[in-house]
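# Understanding the architecture of this molecule
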Amino acid sequence: MISLRRWCLLAALLVATLGAPPLAPGATAVPGASPAGAAAAAPAKAGDPFRLNIGLEGAGQAGGQVSVAVQIVIVMTLLSVAPSIVLLMTSFTRIVIVLGFVRTALGTPSAPSNQIIVGLSLFLTFFLMGPVFDRVQQEALNPYLDGRITSLEAMDKASVPLKGFMLKQTRSRDVEYFLELGGYGPTAVKDLPMRVVIPAFVISELQTSFQMGFLLFLPFLVIDFLVSTVLMALGMMMMPPTVVALPLKLLLFVLVDGWHLVVKSLVQSFAP
């Protein structure tokens, strides 16, 4: 059984091995030389293993790079935050809520399934957000990958198209409310911080999606009333109204080409 001291030595050896840069072919390790000096003396070759470097223009290491541990933390944080960004800063919220209302109004809680609803919402989001994503790529991502701008400048440039999209769909009263809540004075539209724009956009999207859901429920609610009234008039009080209303709802939805109308309404609701 390995003792505690051996475990500590093994851990220290692994950290030193991972943290030290690989020696170039033909190079000789110099006792007492620092890893930074060895890295400077042995430049990276084409055959070196792949390295992940996220430039944050920080200080403390050569070339403004951060340590491997910090890089891993940043990448894992970005991966965990990415779904929230997709949900809260794009058209996904309104689309998935409205499609969920359609399924509930039809009275079919399992058809279409959650995977289909979310998948259709994602593809519609990519379709609607295409021009915004193209602007982000042209104005922020490509210059950053070419090394013409820093990561902070890329983030500032990428936020401009997203902010413009969100403000077009946001009610002014929601923006004013969060400005007042945050203690901001009169602020120009271009100077609005993202911490104000994002929650105002989410509240506006929830309000709009629930309004569209109410309008979707009305025709199906009329069918439920008619079916219930007819069954009561015929004395068939033991017959569940949903059993008779469901085929009628599906028939009406198919005859009017419901999915086309719903998707068309969703796409047109994001028109500038």
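Since the model is a prediction, treat every value here as computed from it, not as a measurement.

Rules used in this analysis
Residues numbered from 1 in each chain as written. Predicted model: local features only at pLDDT ≥ 70, side-chain atom pairs only at ≥ 80, totals over all residues. Heavy atoms only, no water. Salt bridge = Lys/Arg side-chain N within 4 Å of Asp/Glu carboxyl O. Helix = DSSP H or I, 4+ residues; strand = E, 2+ residues; numbered from the N terminus. Buried < 20%, exposed > 50% of the residue type's maximum accessible area, 1.4 Å probe, protein only. pLDDT = per-residue confidence, 0-100. Contact = heavy atoms within 4.5 Å.

For the structure shown, the criterion picks out five salt bridges. Put simply, Glu205 and Arg94 hold a salt bridge, and the shortest N to O gap is 2.5 Å. With Glu205 in helix H9 (residues 194-233) and Arg94 in helix H4 (residues 92-106), the pair connects residues that are 111 residues apart, well separated along the chain. A salt bridge links Lys249 to Asp224; its shortest N-O distance comes to 3.1 Å. Placement of Lys249 in helix H10 (residues 241-255) and of Asp224 in helix H9 is noted, with a sequence separation of 25 residues between them. By relative accessible area, which is 24% here, Asp224 ends up partly exposed.

This part covers the confidence of the model for the protein. Any residue range with low pLDDT should be treated as having predicted coordinates unsuitable for detailed reading. Summary statistics for the protein give a mean pLDDT of 75 and a share of 75% for residues scoring 70 or more. The weakest mean pLDDT in the protein belongs to helix H1 (residues 4-19) at 40; the strongest belongs to H4 at 90. Per-residue pLDDT stays below 50 along residues 1-46; that stretch engages in 10 contacts with residues further than four places along the chain or on separate chains. Low pLDDT, under 50, characterises residues 56-64; the stretch is placed with 11 contacts to residues that sit more than four places away or in other chains.

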